[in-house]
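One-letter residues, chain by chain:
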Amino acid sequence: MKKALAALLIAALTLMGCALAEEAAVPELIEPVGVRLDTAKVVRQDIYNMSYYDAAVVPYTEELSFTVDGKIDTVTALVGDVVKKGDVLATLDQTDDEEQAENLRQQIDYLETELAFAKRSDKLTLESAQLELEQLKAQAKSGGATDADVKLKQADVDILKLSQQQARESDEFAIASLRRQLASVEEKLGDNTIAAPFDGRIVYMQQVEKGTWMKAYDPLFYLADDTRLSIDSAYISASVTSSANEVYARVNGVDCAITAQEFNWREYVTIALSGGELRSGFDFVDGAPEGTESGMYATVFVKSGLVEDALVVPANAIYTDESGRYVYLIDGGTRTRQTVSTGRFTTTLVQITDGLKEGDLVYVKE
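To keep things clear, this report deals only with the structure shown in the data block. It should be emphasised that the depicted structure is a prediction, and the values quoted were computed from it without experimental measurement. Throughout, residues of each chain are indexed from 1 in the direction in which the sequence is written. The predicted nature of this model means local features are confined to residues of pLDDT at least 70 and side-chain atom pairs, given and counted, to a pLDDT of 80 or more, with totals for whole chains, interfaces and linings taken over all residues. Water and hydrogen atoms play no part in the side-chain values, which are based on all heavy atoms of the structure.

So, unusual backbone geometry
Inference 1: The phi dihedral of Tyr217 falls on the positive side, at around 70°, and the residue is not glycine.
Inference 2: Examined against the element boundaries, Tyr217 turns out to sit in the loop between strand E8 (213–214) and strand E9 (221–234).
Inference 3: Assessed through its relative accessible area of 57%, Tyr217 is described here as exposed. For helices the rule is a DSSP run of H or I covering at least 4 residues; for strands it is a run of E covering at least 2, with both sets numbered from the N terminus onward. For every residue, the accessible area obtained with a 1.4 Å probe (protein chains only) is divided by the maximum for its type, and the residue is called buried under 20%, exposed over 50%, and partly exposed between those limits.

Focus: the nonpolar core
Inference 1: Only buried Ala, Val, Leu, Ile, Met, Phe, Trp, Tyr and Cys residues count toward a nonpolar core, and they belong to the same one when joined by side-chain atoms within 4.5 Å. Ranked by size, the top nonpolar core spans 19 residues in total, and within it Phe66, Leu89, Leu220 and Phe221 carry the most contacts.
Inference 2: Mapped by element, the contributors of at least two residues to this core are strand E5 (88–93), strand E7 (200–205) and E9.
Inference 3: With three residues, the single largest contributor to this core is E5.
Inference 4: By definition in these notes, contact holds between two residues if any of their heavy atoms fall within 4.5 Å. When near neighbours in sequence (up to four residues on either side) are disregarded, Phe221 contacts Glu62, Glu63, Leu64, Val75, Ala77, Leu89, Ala90, Ile194, Ile202, Tyr204 and Met205.

Concerning the packing of aromatic side chains
Inference 1: Aromatic rings from Phe, Tyr and Trp, with only the six-membered ring used for Trp, were paired whenever their centres fell within 6.5 Å, and each pair was classed as stacked if the ring planes differed by under 30 degrees, edge-to-face if by over 60, and tilted otherwise. Inspection of the entire model under this criterion finds seven aromatic pairs.
Inference 2: Relative to Phe301, the ring of Tyr52 has its centre 6.4 Å away and its plane inclined at 45°; by these criteria the two rings are tilted. Linking Tyr52 in strand E2 (residues 43–64) with Phe301 in strand E13 (residues 297–314), this pair joins segments that are 249 residues apart in sequence.
Inference 3: Take Phe301: its relative accessible area is 12%, and that puts it in the buried class.
Inference 4: Taking the centre distance of 5.7 Å and the plane angle of 20° together, the rings of Tyr319 and Tyr326 count as stacked.
Inference 5: Residue Tyr319 is classed as buried on the basis of its relative accessible area, which comes to 10%.
Inference 6: We note Arg228 situated over the ring of Phe198; from NZ or CZ to the ring centre the distance is 5.0 Å.
Inference 7: We call a charge positioned over a ring when the NZ of a Lys or the CZ of an Arg lies within 6 Å of the ring centre and within 35 degrees of the ring normal. Just above the ring of Tyr326 sits the side chain of Arg337; from NZ or CZ to the centre is 3.6 Å.

Now the structure itself:
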């Protein structure tokens with residue numbers, strides 16, 4: 001009886017071992033049951049990364065401001081107005097400057113008159129002192145005066161001459177100082193208007209009225225030229241555009257070449273410190289496409305990392321484990337794990353540098 005049980009146990013263990021052996025021989029599933037798989041050929045083509053940025057078509061715009069401080073006198077343009085080159089858009093009230101200039105002119109005239117009179121008086125006084133000196137010298141020859149008297153008189157004449165010179169230099173310095181002040185005020189008097197530098201449209205202006213104080217170079221108007229269009233996009237760093245293989249824009253369904261505008265670092269720092277949004281500007285290389293208008297939506301594309309004629313597979317054909325990257329190669333209906341070396345990656349493609357050849361068929365997870 002024990003021998004029979006032993007025989008049955010041995011038989012059961014043998015059958016279990018065979019079953020395990022058969023299970024071990026079943027190929028490893030690529031994906032769980034129920035996941036649909038597809039295939040793709042290994043091909044040669046260019047591979048690159050493509051980034052895109054929201055943008056818009058904008059007109060050339062220029063800030064217009066006064067070059068001197070002052071109070072607004074007149075404003076002759078409003079937002080939306082179309083203006084011609086040379087049109088006066090605003091003026092400053094320069095009554096105070098004009099009064100200051102007139103006061104300075106009067107002071108200068110008065111001091112110059114006083115200076116001329118002082119010089120004539122100095123000349124007469126000096127001539128009189130020199131005459132007395134000559135008379136004293138003559139008396140010294142006849143014994144009527146001593147050499148000490150002559151020397152003392154000579155010292156008096158020298159001191160008089162020096163004091164007159166210093167006094168007149170001080171007067172001339174005062175006049176020169178007033179002249180500099182007058183020149184500064186007169187320079188302001190020539191910059192009391194803002195005129196349109198080109199034909200365009202007022203797209204923005206500060207809310208001002210007569211008497212509003214304006215600081216020099218504080219923008220009052222923004223003038224746009226709708227005939228000179230460019231691209232305004234989300235910020236793209238100069239390092240990205242300079243290293244890119246290609247940068248272009250798509251406007252109204254048309255791809256067009258563009259070039260980055262020179263970056264204004266002072267403006268960049270100002271915007272960054274104020275917490276404003278950084279933007280990038282681009283010019284059309286060959287002009288805007290026909291039908292392009294200000295305000296149209298655009299997209300800026302940046303192509304980078306280009307590898308030409310690369311051996312590529314879809315990105316979802318690549319698998320990774322602790323041993324590295326691999327694909328499932330299909331050859332005559334047989335599925336084989338194949339280790340590969342990779343190069344450039346994009347969101348959809350992967351460059352194969354070793355392990356596959358053009359025309360190979362690989363599994364692709366759909």
